[in-house]
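Here is how the chains run, residue by residue.
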Amino acid sequence: MQSDQTSPNLSRREFVAATAAAGLLSMAGSLGFAKDTLAAEAFAMPPLPYPDNALEPVISANTISFHYSKHTKLYYDNTNKILETKPMAGMTLEKVFLEAAKDAAAMALFNNAAQAWNHTFYWNGLKAGGGGEPKGKLAEMIHESFGGLENCLKALTEAAVTQFGSGWAWLAVEGGKLAAVKTGNAGNPMTNGQKPLLAIDVWEHAYYLDYQNRRADYVKAVLEKLVNWEFAAKNLEA
Ligand code: MN
């Protein structure tokens, strides 16, 4: 995957995806297919940035397969289905869920669009041979905000393990400092004015096939072996 496709707010990718969908639409029209078979502003689910088995043994190919091809895909499909009835053309996926968050009647759209965004962010925040030490400005900020990497990992673990029920743990920027935060269900730090750098999915579907109820073991393994600090650093700079 090209580095410019992993930008943190995904706006470029979504722009490319939206453009591709629009192109397909006009192609479908010129080929005589019904124009309503493709929504003009449909969000295409970005490809997984590695093969299904790339994160083994920390996360099995079986988990990745269900989590990406079923769960993540359903969030994109549902988002696109709901958007067919809403005038939000041209918005990025991020903008869609931030707007939906302000409207109590748009709960289903918020849940699906935020989950689509959160999952793509999560997939890009993991990599085979991850973990280790962050570098540069990110490392400096971790030191300033937490007093060192060990404390940062502890705070992220605490957020991930104490999130009651489904949700997410995040490394985020708030007021110029880094913080470990948690959100329930489809929640995203951006709705609280925080900027996400990394996400850990703590919905049971993220780990149950491999770790059953042992969420803490999954979180520990992800932080030690998969976390993509370069992705977090890029998000910090963006
Ligand atoms: Mn998930």
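Residues numbered from 1 in each chain as written. Predicted model: local features only at pLDDT ≥ 70, side-chain atom pairs only at ≥ 80, totals over all residues. Heavy atoms only, no water.

Draft legend 1. Expanded view of the coordination of the manganese ion. Protein-derived coordination of the manganese ion comes from His 67 (NE2), His 119 (NE2), Asp 201 (OD) and His 205 (NE2), at a distance range of 1.9 to 2.2 Å. Counting residues between consecutive donors of the manganese ion along the chain gives the motif H-x51-H-x81-D-x3-H. Taken together, the residues span a long stretch of sequence, with His 119 in helix H4 (residues 107–124) and His 205 in the loop between strand S3 (195–201) and helix H7 (208–211) at a distance of 86 residues. The burial state of His 119 is the same as that of His 205; both residues are buried. (Donors = N, O, S within 2.8 Å, 3.2 Å for Na, K, Ca; no water. Helix = DSSP H or I, 4+ residues; strand = E, 2+ residues; numbered from the N terminus. Buried < 20%, exposed > 50% of the residue type's maximum accessible area, 1.4 Å probe, protein only.)

Draft legend 2. Structural context of unusual backbone geometry. For the bond running from Glu 56 to Pro 57, omega is 0°, close enough to zero to count as cis. Note on placement: Pro 57 falls in the loop between helix H1 (11–30) and helix H2 (61–83). Positive phi, close to 50°, is recorded for Asn 185, a residue that is not glycine.

Draft legend 3. Local environment of the packing of helix H6 (residues 149–162) against helix H8 (residues 215–225). Running from N to C, H6 and H8 cross one another at 145°; their axes reach a closest spacing of 10 Å. As for how H6 packs across H8, the hand of that crossing is right-handed. Where H6 abuts H8, its residues Leu 153, Leu 156, Thr 157, Ala 160 and Val 161 lie against Arg 215, Ala 216, Val 219 and Leu 223. (Axes fitted to C-alpha atoms, helices over the stretch in contact; angles between N-to-C directions. Left-handed = near helix turned anticlockwise from the far one by under 90°. Contact = heavy atoms within 4.5 Å.)

Draft legend 4. Here's a closer look at the pattern of salt bridges. Within this structure, the stated rule accounts for six salt bridges. With its nearest N and O atoms 2.7 Å apart, the salt bridge here joins Lys 73 to Asp 77. Placement of the pair is Lys 73 and Asp 77 together in helix H2, with a separation of four residues, close to one helical turn. A relative accessible area of 31% means that Asp 77 is categorised as partly exposed. Residue Glu 224 pairs with Lys 220 through a salt bridge whose shortest N-O separation is 3.0 Å. One end of the pair, Glu 224, and the other, Lys 220, are both in helix H8, four residues apart, so they sit about a helical turn from each other. Its relative accessible area of 44% is what places Glu 224 among the partly exposed residues. (Salt bridge = Lys/Arg side-chain N within 4 Å of Asp/Glu carboxyl O.)

Draft legend 5. Broad picture of the pairing of strand S2 (residues 177–184). Across eight bridges, the pairing between strand S1 (residues 167–174) and S2 is antiparallel. What sits directly across from Trp 168, in S2, is Thr 183. (Pairing = 2+ DSSP bridges.)

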